[in-house]
Amino acid sequence: YSLVQPPFVIKDALFVNGKGEIFDKANPSECPSPKQDMPETVDSDRMVTLWITEYMLNTAGYAYQKAGFLQYNLTNSDIPDKIPIKMTTDFFKYFVPPLYKTYPDKDLTLWIYVTKPVTFDVNKAGVSGRAEGTITWLVHVNDT
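Residues numbered from 1 in each chain as written. Predicted model: local features only at pLDDT ≥ 70, side-chain atom pairs only at ≥ 80, totals over all residues. Heavy atoms only, no water.

Visitor: Lay out the sheet that holds strand β3 (residues 71–74) with the relevant residues and their values.
Guide: Reading across from one edge, β3-β4-β7 is the order of the 3 strands in this open sheet, with antiparallel pairing throughout. Among the strands making up the open sheet, the edge pair consists of β3 and β7 (133–139). Averaged over all neighbouring strand pairs, the angle between strand axes comes to 15°, with direction disregarded. Here β3 runs beside strand β4 (residues 108–114); their pairing, made up of 4 bridges, is antiparallel. From the neighbouring strand, L74 faces β4, where its bridge partner is L110. (Pairing = 2+ DSSP bridges. Helix = DSSP H or I, 4+ residues; strand = E, 2+ residues; numbered from the N terminus. Axes fitted to C-alpha atoms, helices over the stretch in contact; angles between N-to-C directions.)

What follows is the structure in structure tokens.
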């Protein structure tokens, strides 16, 4: 954590502008996302106002992706029994026929991972994010 400028007071407000970066503690590296200036005034009668910028969110997306946290192995045990989806080649035989033809009635694991840092857009309508990734189909050929 660091300040981008000294704290200052105007009229009825105290401004403390922190850099707002998120790093991987084990391997800290600077996020390539451009930094943003903070507003110099506040139109609010609230006691505390907190600005969350795209930069702060993008540093989180960058740090989590670089650290390998944005990946998941989806297996049958992750899917509740009430949901009729099963991680088997039989269930996906109409979506991926060659998979079933080569490996009939086998369990699957889907390795889902992001390939680029997640990026965010913050505007008056809200926050949206974008992630690019890959899904690798892993077939349990020996039922292990």
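Visitor: So, the pattern of salt bridges: which residues are in play, and what are the values?
Guide: By the definition in use, this model includes 3 salt bridges. Note that K93 and D90 form a salt bridge whose closest N and O atoms lie 3.2 Å from each other. Look at K93 and you get partly exposed, because its relative accessible area is 24%. Under the relative-accessibility criterion, D90 is labelled partly exposed at 32%. (Salt bridge = Lys/Arg side-chain N within 4 Å of Asp/Glu carboxyl O. Buried < 20%, exposed > 50% of the residue type's maximum accessible area, 1.4 Å probe, protein only.)

Visitor: Give a description of unusual backbone geometry that names residues and reports values.
Guide: Located in the positive-phi region is D105, a residue other than glycine, with phi close to 55°. On the secondary structure map, D105 appears in the loop between α2 (97–102) and β4. A relative accessible area of 53% places D105 in the exposed class.

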